Amino acid sequence: MPAPSITHARGTTEGRAPAELRDVMRRYPTGVTVLSSGSAETAVAMTVNAFTSVSLDPPRVLVSVMKSARAHPVIAASGRLGVHLLAAQQADVARLFASHEKPVGHSLGAYLARSAEGHDVLPGALASLACEVEETYSGGDHSLFLARVLHTTCTEEPQDALVFHQGRFICAPADRS
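In this report, we go over the structure that sits alongside the text. Keep in mind that what you see is a predicted model, and the values were worked out from it rather than measured.

## As for the packing of aromatic side chains
- Overall, the coordinates contain two aromatic pairs when judged by the stated rule.
- With a centroid separation of 5.6 Å and 85° between ring planes, the pair formed by Phe 97 and Tyr 111 is classed as edge-to-face. Of this pair, Phe 97 sits in helix H3 (residues 91–98) while Tyr 111 sits in the loop between H3 and strand S7 (113–114), placing them 14 residues apart in sequence.
- For Phe 97, a relative accessible area of 2% corresponds to the buried category.

## So, the environment of Met 25
- One can find Met 25 in helix H1 (residues 18–25).
- On the accessibility criterion, Met 25 (45% relative accessible area) is partly exposed.
- Between the C-alpha atom of Met 25 and that of Gln 166, which follows or precedes it by 141 residues, the distance is 8.6 Å.

## Here we look at the layout of surface pockets
- Approximately 1,300 Å³ is the volume found for the largest pocket.
- Along its surface, the largest pocket is lined by 34 residues, and Arg 22, Thr 47, Asn 49, Ala 50 and His 142 are the ones closest to its centre.
- Those elements that place two or more of their residues in the lining of the largest pocket are H1, strand S3 (44–48), strand S5 (59–66) and H3.
- Top element by residues in the lining of the largest pocket is S3. It accounts for five residues.
- When grouped by side-chain class, the residues that make up the lining of the largest pocket number 20 nonpolar, eight polar and six charged.

## A word on the pattern of salt bridges
- Under the counting rule described, the total for this entry stands at eight salt bridges.
- Salt-bridge contacts for Arg 27 lead to Asp 23; the nearest nitrogen and oxygen are separated by 3.3 Å.
- Judged by its relative accessible area of 22%, Asp 23 falls in the partly exposed class.
- A salt bridge links Glu 134 to Arg 148; the nearest nitrogen and oxygen atoms lie 3.4 Å apart. Of this pair, Glu 134 sits in strand S9 (residues 127–139) while Arg 148 sits in strand S10 (residues 142–154), placing them 14 residues apart in sequence.
- Linked by salt bridges that have partners in common, Arg 60, Arg 80, Glu 132, Glu 134 and Arg 148 make up one network.

Rules of the game
Numbering of residues begins from 1 in every chain and follows the order in which that chain's sequence is written. In view of the model being predicted, local features appear only for residues whose pLDDT reaches at least 70, and side-chain atom pairs are presented and counted only at 80 or more, with totals across whole chains, interfaces and linings using the full set of residues. Based on all heavy atoms of the structure, the side-chain values leave hydrogens and waters out of the count. Aromatic pairs are defined between Phe, Tyr and Trp rings, using the six-membered ring for Trp, whenever the two ring centres lie within 6.5 Å; interplanar angles under 30 degrees are classed as stacked, those over 60 as edge-to-face, and all others as tilted. Per the convention used, a helix needs a DSSP run of H or I reaching at least four residues, while a strand needs a run of E reaching at least two, with both numbered from the N terminus. Burial classes: relative accessible area under 20% of the type maximum marks a residue as buried, over 50% as exposed, and values in between as partly exposed (1.4 Å probe, protein chains only). Only protein atoms enter the 1 Å grid used here, on which a cavity is any set of points holding a 1.4 Å probe that cannot leave and a pocket is any open set flanked by protein within 12 Å on both sides along at least five of seven lines; residues with an atom within 4 Å of a point are listed as lining. Grid points are joined across faces, edges and corners, and a volume is the space filled by probe spheres set on the points. Think of it as three bins: nonpolar holds Ala, Val, Leu, Ile, Met, Phe, Trp, Tyr, Cys and Pro, charged holds Asp, Glu, Lys and Arg, and polar takes everything else, Gly as well. For this analysis, a salt bridge means a side-chain nitrogen from Lys or Arg found within 4 Å of a carboxyl oxygen belonging to Asp or Glu.

Geometric values such as these leave the question of function open.
Below is the structure:
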């Protein structure tokens, strides 16, 4: 098999604009989530794709949040967050929570429901995770929140997932076999 051709070489990113790293990272497909935190008047939510599982035993996830984001101080103060994995048909939800017009405070309640255990769930999402922040690490202009998973809620049937790739939302088909 022949080696892939390199269309252009960028060199190192040291001293280069963040736009170059953004250009490279947009080539890496990622799942799309909505992160929620706070309650009542402090409730916030935002679209996040910098999310990953860290450990199954004990159950841990990691989420990266820009330090200037409205959600950052809410997560830091509450020590709790919800992560909602978006289904393919939720591109409009992802766009809403990525916008400056995203609902906050009491108005966020129209978008989130409560599980029987009292955790936030996003109706229509593939799954929701209720988490407690255990550690916070500085990562440049972001904070990395390492969180223990307290509770999960999943859909019964497999659904297609929402994925972000090349600056747009696409569908990752579910295995229905």
